[in-house]
Number of protein chains: 2
Amino acid sequence: VTQPPDRASAEALDAADPLAAFRSRFPDPEPDRLYLDGNSLGRLSTDVEHGLAAAIGTWRTRAVEGWAEWVELPRRVGDRLADLCLGAAPGEVLVTDSTTVNLYKLAHAALDLRPQGVVATDADNFPTDRYVLEGVAAARGRRFVLADSVEGALQVPDAALLCLSHVDYRTGRRLDLGGITRASEAMVVWDLSHSVGAVAIDLSGADLAVGCSYKYLNAGPGGPAFLYVRRELQDALTSPVRGWFGQRDQFAMGPAYEPAPGIDRLMAGTPPVLATTALDAALDVVAEAGMAAIERKAASLTDLAITLADAWLAELGFEVVTPRSPTERGAHVALRHPEAWPICRALIERVRVVGDFRQPDILRLGFSPLYISHTDAWDAMDRIRTLVAAGVHRDIDAQLRRVT
Amino acid sequence: VTQPPDRASAEALDAADPLAAFRSRFPDPEPDRLYLDGNSLGRLSTDVEHGLAAAIGTWRTRAVEGWAEWVELPRRVGDRLADLCLGAAPGEVLVTDSTTVNLYKLAHAALDLRPQGVVATDADNFPTDRYVLEGVAAARGRRFVLADSVEGALQVPDAALLCLSHVDYRTGRRLDLGGITRASEAMVVWDLSHSVGAVAIDLSGADLAVGCSYKYLNAGPGGPAFLYVRRELQDALTSPVRGWFGQRDQFAMGPAYEPAPGIDRLMAGTPPVLATTALDAALDVVAEAGMAAIERKAASLTDLAITLADAWLAELGFEVVTPRSPTERGAHVALRHPEAWPICRALIERVRVVGDFRQPDILRLGFSPLYISHTDAWDAMDRIRTLVAAGVHRDIDAQLRRVT
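Residues numbered from 1 in each chain as written. Chains lettered and ligands numbered in written order. Predicted model: local features only at pLDDT ≥ 70, side-chain atom pairs only at ≥ 80, totals over all residues. Heavy atoms only, no water.

Concerning the side chain of Arg352 of chain A
All names here are of chain A. What counts, and what does not: Here a strand is any run of E in DSSP of at least two residues, a helix any run of H or I of at least four, and the numbering for each starts at the N terminus. The term polar contact refers here to a pair of N or O atoms within 3.5 Å; inside protein, the definition further demands a hydrogen-donor-capable atom paired with an acceptor-capable atom, and it admits residues adjacent in sequence only when both atoms are side-chain atoms.
With respect to the helices and strands, the residue Arg352 is situated in the loop between helix H12 (340–351) and strand E11 (353–354). There is a polar contact of 2.4 Å between the side chain of Arg352 and the side chain of Glu30. A polar side-chain atom of Arg352 sits 3.2 Å from the main-chain carbonyl oxygen of Ile348.

The following block contains the structure:
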């Protein structure tokens, strides 16, 4: 029987980690916290803090004249995101609105191009994706098919539009984006929220995508989302939301809306300047680290966590749900346990391992590569086994039941 | 002939101004600038700067656990806005998305309630309003009527939905919101972008409204917008954008979207936390000053500006377009001049009077009551007359022509 890696092995991995120094860019005022929820909300870097301060300074100093630079933000930061994280070309990505609103816009626009056919996704897709698609399908008189699984969704007959999450928000499973893109006859809109900034993405040939900036990109709570449209499709698409930032001439006197050329037509209202500047600064960190190195570290951290889960947690009732091949997962690990909810609460409240719970029985642990070390991962798994072995979560469970 | 007020009169008005002290809350690093564009982008207050710093600190310290307080922001800040600025009840206002997206959501939702009838607005309404409505009408198979004037829009036969700006973005004309609300058979959606924070608004009985936070509310560039829905209408409305923040149970496993009760159903994606916190802090300033006092000062500043325009600028070819009764205008004054464009550029570049230009011939001057003094207004008008009398704008015009 192979012994599981000891703490010294984790320290050795950190010593050899080319990204180790980035951890100090995300100082934690609570040093004992093991923050494994960067897959939900990424942490604040000094880069973003300084970027926000600079944007606030521009507002103070230049006031309305700041728009001379701000007006380019959605596309300029979109171009950086395209280049650094998405494998997309300049002019294919826009930073704007929320993931929900972006998916809504793209789904409507896509159905204009496919006048027949159903809208499909899988029942495990992220809730907002399912809701948006159901609503768009209803508004457009299309059938909405909620397949049992991704495999089922891929085989829905007569699909006009298919929405898939690149990395599943619960299980952490990563799909073969390139293979599905090449094989699908439907237009596919990818939700990259749980993969962007965790693994390198190559959107070559993909039609449509959306995603958020507040998870692995660390751009801040409610930070702006992005959308991607393949260049060749852009001038055929019309946004259902005809806003002044998507109009060819923003202050035109004429009555008629005329969409701007290219990706700009998918803008709606005034862009969120401060938050987009935060994303710009967050991308400085990504640029310095490089997505290939970030993805390698995500694989290394999740490997360690899965190995320790097998060694220590299986006997405590945990099951590793996340795929075991690093190319088939993102940067979070999902552990199934019948008591996942009280365990998650106990970890947060008693030993400051901050993960999160997803219905019905999943404990999610996110290993955000820029600020989580192998030692952090080792310590977290160690705290989990100690806490669950001692039954501490049962006290929490009793408390939670008394409250509700 | 009455002499126009001299500078000492303006100083006397400032000495008696109960809001004079608020000016120091908006320190200007460029002391000679006369910033008359708060109707486009309001200035940074120390309150908002501290509010943003606190929100950034919460992100740093609490990270994902910050959501315990952030999740309430859209409604909590909406309730404050309702109370302080809008004459609306708790639970009637939500801070979310952009004005464009909010108008889009409300227009679609309103047409669900009015299965027949046309969509109308006036040709002078703000561009994004016209574009959004045109698009919604087209999507819903309704006729879209762009009336020549507000009066024409009020008389469009068979109007299901009418959109009006409370204060016109160019002329500064303010409509009788209460009177029109009572008289209209159409559902009216008010765009309050150019009046909120400038004049006290009473939405009693009004059906629908939207507006932005980055003008007189001073919440920052691209700050979040708001929407208002009369309580009695809320549970009959469905947002076209079915997002997870508008769902009854955000993380529900079930496939079906079920709208949250009340105003929450009009939320879509993850709310912009930092920007909404900025608005919360901006409202602290409004609360301290009081909207009645703010509106009184807006009237006093624009009175002074109009008096000086009549005395000094009429003979230089300017026409005051803004109504002369303070109850019929907001806090900006529109001056028509055939050379408005080069005059606007020359004022900004040569004498740091920062106003703005609107097609085809309007110079807009905004007198944001919290940080503009009567002396500022006097000085600005004085700089305008001196510059135009000397023909400085003609040099600028020649330059602009060379560039293009």
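A word on the pattern of salt bridges
Selection criterion: Counted as salt bridges are all cases of a side-chain nitrogen of Lys or Arg within 4 Å of a carboxyl oxygen of Asp or Glu. The classification of residues rests on relative accessible area computed with a 1.4 Å probe and restricted to protein chains. Under 20% of the type maximum is buried, over 50% is exposed, and intermediate values are partly exposed.
If you walk through the whole model with that rule in mind, you get 74 salt bridges over all chains. Note that Asp379 of chain A and Arg7 of chain A form a salt bridge whose closest N and O atoms lie 2.7 Å from each other. With Asp379 of chain A in helix H13 (residues 374–390) and Arg7 of chain A in helix H1 (residues 7–15), this residue pair connects regions lying 372 residues apart in the sequence. By relative accessible area, which is 16% here, Asp379 of chain A ends up buried. Looking at Arg7 of chain A, the relative accessible area reads 33%, which means it is partly exposed. In the salt-bridge network here, residues are joined through shared partners; they are Asp28, Glu30, Arg33, Arg43 and Arg352 of chain A together with Glu65 of chain B.

Examining helix H6 (residues 127–139) of chain A
Residues and elements named next belong to chain A. Rules: Take the number of residues in a helix, subtract one, and multiply by 1.5 Å to get its expected span. Note on contacts: a residue pair is in contact if any heavy atoms of the two residues lie within 4.5 Å.
For H6, built from 13 residues, the straight-helix expectation of 18 Å at 1.5 Å per residue is met to within 8% by its first-to-last C-alpha distance of 18 Å. Most of H6 sits inside the fold, with 11 of its 13 residues counted as buried. Those residues of H6 not exposed but buried are Pro127, Thr128, Asp129, Arg130, Tyr131, Val132, Leu133, Glu134, Gly135, Val136 and Ala137. Contacts from the buried residues of H6 go to helix H5 (99–113), strand E3 (118–122), strand E4 (144–147), strand E5 (159–165) and strand E6 (187–191). At the exit of H6 stands Gly141, carrying a positive phi of roughly 65°.

So, the packing of helix H2 (residues 46–62) of chain B against helix H10 (residues 273–289) of chain B
Residue and element names in this part refer to chain B. Convention followed: Where helices are involved, their axes are fitted lines through C-alpha atoms of the stretch in contact, as for all axes, and angles between N-to-C directions lie from 0 to 180°. By definition, any crossing whose near helix is turned counterclockwise from its far helix by less than a right angle is left-handed, and any crossing with a clockwise turn is right-handed. Residue polarity follows a fixed list, in which Ala, Val, Leu, Ile, Met, Phe, Trp, Tyr, Cys and Pro are nonpolar, Asp, Glu, Lys and Arg are charged, and the others, Gly among them, are polar.
Two numbers describe how H2 lies on H10: the axes approach to 8 Å, and their chain directions differ by 145°. Between H2 and H10 lies a crossing of right-handed hand. Where H2 abuts H10, its residues Asp47, Val48, Gly51, Leu52, Ala55 and Ile56 lie against Leu274, Thr277, Ala278, Ala281, Ala282 and Val285. Looking at the contact of H2 with H10 residue by residue, the class counts come to 9 nonpolar, 2 polar and 1 charged.

Overview of the sheet that holds strand E2 (residues 93–95) of chain B
Residue and element names in this part refer to chain B. Rules: For two strands to be treated as a pair, DSSP must find no fewer than two bridges joining them.
Here 7 strands make up an open sheet; going across it, the order is E2-E8-E7-E6-E5-E3-E4 and the pairing mixed. This sheet does not close on itself; its edge strands, each paired only once, are E2 and strand E4 (144–147). Direction aside, neighbouring strands of the sheet carry axes that sit 15° apart on average. Where strand E7 (residues 208–211) and strand E8 (residues 226–229) come together, 4 bridges link them in antiparallel fashion. Bridging across to E8, Val210 finds its partner in Leu227. The sheet contacts of helix H5 (residues 99–113) involve strand E3 (118–122), strand E5 (159–165), strand E6 (187–191), E7 and E8, and relative to E7 the element is tilted by about 170°.

Some thoughts on H12 of chain A
Residue and element names in this part refer to chain A. Taking 1.5 Å of rise per residue, the 12 residues of H12 would be expected to cover 16 Å, and the 15 Å separating its terminal C-alpha atoms lies within 8% of that figure. Within the sequence span of H12, burial applies to Ala340, Pro342, Ile343, Cys344, Ala346, Leu347 and Ile348. Looking one or two residues past H12, Arg352 carries a phi angle of roughly 55°, positive in sign.

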